[in-house]
Amino acid sequence: MDYAMLLQVLDSTLRLATPLLLACLAGLFSERAGIFDIGLEGKMLMAAMSSGAVAYLTGSVWIGLAAGILGALLFALAHGVASITFRGNQLISGVALNFVASGITVLIAQSLFGQGGRTPPLSGAARFNPVELPFSGALSGVPVVGPFYAEVLSGHTVLVYVALALVPVTWWVMYRTRFGLRLRAVGENPASVDTAGVSVVRLRYAAVMVTGVLCGLAGAYLATGLQAGFGKEMTAGRGYIALAALIFAKWRPWYCLWACLLFGFFQALALRPDIVEAVVRVKVPVPFLDALPYVLTVVVLAGLVGKAIPPRAGGEPYVKER
Amino acid sequence: MTRLPPWADVALVPLVSLLMAAGISALVLLAIGQSPVEAFNVMVDGALGSAYGWGYTLYYATSFMFTGLAVLIAFHAGLFNIGGEGQAQLGGLGVALVLLYTVPFPHWALALPAAMLGAALFGAAWAAIPAFLQATRGSHIVITTIMFNYIAAALMVYLLVDWLRPAGQMDPASARFAIETRLPTLNEIPGLSLIFTRKVPANVSLFVALLACWLVWVLMWRTRLGYEIRAYGKSEKAAAYAGISPFRITMIAMLLSGALAGLMAINNVMGEAGRLVGNAAEGAGFIGIAVALMGRNHPLGVVLAAILFGFLYQGGAELGLWTSIPIELRTVVQGLVILFTGALDQMVRMLLGVFFRPRRVPA
């Protein structure tokens, strides 16, 4: 594998890591607040469909993005109602909402466009187009660093950079703001937060809503950035892989970035049979490559994760003392 | 909170949950410009309106009983097995390997136990790795079993295309099983043939499934192992203190769960298709979650819920045939039923509490 090839793989790594990263940070907010969210997948799917459909109908990717966020927020609200207000089982609520999303996206897309549950292909202003970073042309002559800057870092859609920027933002919110402190506290020991006179319910709803917004970005990126339109089940388990990344990162923002880049790299490898075969020197059947990201996710989850301790109050509904 | 009388807890709560799920589904249909009344009529007519429709409803119900029991056993051990789908696909592989590559069976009654063994072994094997990782490394079983569903799908494509497909055949499917191993369908069973006059897919697997429900009841409520599984599910710490090994219970519960999910393959692969086709389980593994929750984690409830989902599945297929409503409506209803019975049951109880004499109990 030469340098040019490596750059290509790293370029698609960044593209494929973006939805994982957005979903992973989404899960971070929810789980740090003590609400497990298996439903990242469904929220992304819902956002992908809403953004794809609305972007096509209005011709504006930004309105599409807003619709995507709205769609994900709707599902986040449902998860909040089930797991905060009615103190239901958070795992089951998440799985249930994933099924609802999987069905309802096809139902809506089919009734709107009649194309077998897809949205029509998006083009022009209806999708996010690549952004050239400044000086990418001028710097490309610089050895090693220049091509890396021009090929890997530059030329992505704006949501890729938003996702990257959200990592320090998330870190700052979590560790340098009052909201973040309370959010982490509510995931570890909600009773103490309650005693301090802060509403556990309101904090947890706020966290779940942030999760919704971030899942909305992730889903919108899938339908309007990574691909040109929504397709049935297009999230393909990304919500679960993002959860695996979140566990691997032990619920810390910067580690989320590295974990998602790793899983993005696995997905990028699956798209390049030529490289995989050059490395292992055997012809690899296509289904094996399809399964590769999922196998490696299990391997990472089982082998590389040390002791991962989730937020202590995670999954436990908070019952105020009476 | 208001405490409901036991009968209301057992019967009314699932029923009201179901009605709410149906109500929201109706709203969804209205929102996409379809008539819920017409849809309901088509479903009832197609799934329950004739013996022929019942033949399909019961066929699906058979699969759902197996996958529902699979989820039930894991639930009782406090484990959430969403990998029933992959385990059922692998069960199909087990059935196909036994029927195609072992001895030629002279009669279905001999082939059935062998095929069941293959199905159970392969299903259990597919659950074994996530179970082992959960028991030893604490790897989140929900994520690992989901990953194994995707891996199973890829594995089955590979095996069907590159290994099991007979030479010269275009579609990715195995060779047909020998005619002697075909399971009798309900219309071929003396007595029942008076009711089922046309060929239906429901077959003797239905009786195996009912037997499995009874055996699971015996296991869970009449044996020491069942008690240990339930104790572990209620409180891991207390169970460990009582000398119950968490590793052992996690492994046994998940292996049984995988074996039951795999066993559904005698219905769809051996009974209906007569060969192994791609995506043979068709989502039945996932429906097991809804069936177990709707059936309140009891085998009798699983039987009833499986028939209900058999109706939903067959009715949904009829919708796809006769109306322009996409077949994915089934997935929506399935998700809503899981949501209302599994996560919003407190809400349903609160609502019902209004109708019963409020008897406050101190928290």
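Please read all numbers here as calculations on a predicted model, not as lab measurements.

### As for the overall build of chain B
Across its full length, chain B holds 15 helices and 0 strands. A globule of 363 residues ought to have a C-alpha radius of gyration of about 21 Å, and chain B, at 21 Å, matches this closely. Principal axes of the C-alpha set define a box for chain B whose edges measure 70 × 55 × 40 Å. Counting over 363 residues, chain B shows a buried share of 55%. For chain B, the share of sequence-separated contacts (at least 6 apart) that also reach a separation of at least 24 residues comes to 76%.

### Brief notes about the overall build of chain A
Counting its secondary structure elements, chain A contains 14 helices and 0 strands. Mapped in sequence order, the helices and strands of chain A form the string α-α-α-α-α-α-α-α-α-α-α-α-α-α. Radius of gyration (C-alpha) of chain A: 20 Å, near the 20 Å computed for a compact globule of 322 residues. Taken along its principal axes, the extent of the C-alpha atoms in chain A is 65 × 45 × 40 Å. In chain A, which comprises 322 residues, the proportion classed as buried is 52%.

### Some points on helix H2 (residues 40–58) of chain A
Taking 1.5 Å per residue as the helical rise, H2 of chain A with its 19 residues ought to reach 27 Å, and the 26 Å between its terminal C-alpha atoms agrees with that figure. Of all 19 residues in H2 of chain A, 17 are buried; the element is thus mostly enclosed.

### Points about the interface of chain B and chain A
Taken together, the 41 residues of chain B in the interface contact 41 residues of chain A. Of all the secondary structure elements, the ones that give two or more residues to the side of chain B that touches chain A are helix H5 (108–137), helix H6 (141–164), helix H12 (284–294), helix H14 (329–343) and helix H15 (345–353) of chain B. Here the side of chain B that touches chain A gets 12 residues from one element, more than from any other, and that element is H6 of chain B. Residue classes in the side of chain B that touches chain A are distributed as 28 nonpolar, 9 polar and 4 charged.

### Section: the environment of Thr170 of chain A
All names here are of chain A. When you line up the elements, Thr170 lands in helix H7 (residues 158–176). Its 24 C-beta neighbours within 10 Å are what place Thr170 among the buried residues. On a C-alpha basis, the gap between Thr170 and Val213 in space is 13 Å, while along the polypeptide they are 43 residues apart. Those residues in contact with Thr170, other than ones at most four positions away along the chain, are Leu25, Leu28 and Pro253.

### Thoughts on helix H1 (residues 3–32) of chain A
Of all the bends in H1 of chain A, the largest measures some 35° and sits at Ala17 of chain A, one to four residues before the proline Pro19 of chain A. One or two residues past the end of H1 of chain A sits Gly34 of chain A, with phi positive at roughly 90°.

### A few points about the nonpolar core
If you look at the biggest cluster of nonpolar residues, it comprises 234 residues, and the most contacted ones within it are Cys24, Ala218, Ala245 and Cys256 of chain A together with Met65, Leu69 and Leu263 of chain B. Per element, the largest residue contribution to this core is 16 residues, and it comes from helix H3 (residues 51–76) of chain B. For Cys256 of chain A, the contacting residues outside a window of four places in its chain are Leu21, Cys24, Leu25, Leu28, Val167, Ala245, Leu246 and Ala249 of chain A.

### Thoughts on unusual backbone geometry
All names here are of chain A. A positive phi is found at Ala236, a non-glycine position, where the angle reads about 50°. Residue placement: Ala236 occurs in the loop between helix H10 (200–226) and helix H11 (238–248). Owing to 17 C-beta atoms within 10 Å, Ala236 belongs among the partly exposed residues under this scheme.

### Some remarks on the environment of Ala317 of chain B
With respect to the helices, strands and loops of the structure, Ala317 of chain B is situated in helix H13 (residues 299–322). Judged by local crowding, Ala317 of chain B falls into the partly exposed class, with 17 C-beta atoms found within 10 Å.

### What about the packing of H3 of chain B against helix H7 (residues 205–222) of chain B?
Residues and elements named next belong to chain B. Running from N to C, H3 and H7 cross one another at 20°; their axes reach a closest spacing of 9 Å. Classified by the interaxial angle, the pair formed by H3 and H7 is roughly parallel. Considering the relative orientation of H3 and H7, their crossing is left-handed. Residues Leu58, Thr62, Met65, Phe66, Leu69, Leu72, Ile73 and His76 of H3 form the contact with H7, whose own contacting residues are Ser205, Leu206, Ala209, Ala212, Cys213, Val216 and Met220. In terms of residue class, the contact of H3 with H7 is made up of 12 nonpolar, 3 polar and no charged.

### Some thoughts on the packing of helix H2 (residues 36–48) of chain B against H13 of chain B
Packed helices, taken two at a time, are described by the angle their axes make and the gap between the axes. Residues and elements named next belong to chain B. Their axes nearest at 8 Å, the elements H2 and H13 cross at an angle of 115°. For the element pair H2 and H13, the recorded crossing hand is right-handed. Across from Ala39, Val42, Met43, Val44, Gly46, Ala47 and Leu48 in H2, the residues of H13 making contact are Phe311, Gln314, Gly315, Glu318, Leu319 and Trp322. Its residues assigned to classes, the contact of H2 with H13 comprises 9 nonpolar, 3 polar and 1 charged.

### Re the confidence of the model for chain B
Low pLDDT marks regions whose predicted coordinates should not be analysed in detail. In this model, chain B carries a mean pLDDT of 92, and residues with pLDDT of at least 70 account for 98%. For this predicted complex, the interface confidence comes out at an ipTM of 0.91, alongside a pTM of 0.92.

### Remarks on the environment of Val354 of chain B
Position of Val354 of chain B relative to the elements: it lies in the segment after H15. Remark: the alpha-carbon pair of Val354 of chain B and Ala154 of chain B, spanning 200 residues in sequence, is separated by 50 Å.

Thresholds, definitions, all that
Residues numbered from 1 in each chain as written. Chains lettered and ligands numbered in written order. Predicted model: local features only at pLDDT ≥ 70, side-chain atom pairs only at ≥ 80, totals over all residues. Helix = DSSP H or I, 4+ residues; strand = E, 2+ residues; numbered from the N terminus. Rg over C-alpha atoms; globule rule 2.2 N^0.38 Å. Buried ≥ 20, exposed ≤ 12 C-beta atoms within 10 Å, placed from the backbone. Contact = placed C-beta atoms within 7 Å. Expected span 1.5 Å × (residues − 1). Nonpolar A, V, L, I, M, F, W, Y, C, P; charged D, E, K, R; others polar. Bend = angle between axes of the 7 residues up to and from the residue. Core = buried A, V, L, I, M, F, W, Y, C linked by C-beta atoms within 7 Å. Axes fitted to C-alpha atoms, helices over the stretch in contact; angles between N-to-C directions. Parallel < 35°, antiparallel > 145°, perpendicular 65-115°, else oblique. Left-handed = near helix turned anticlockwise from the far one by under 90°. pLDDT = per-residue confidence, 0-100.

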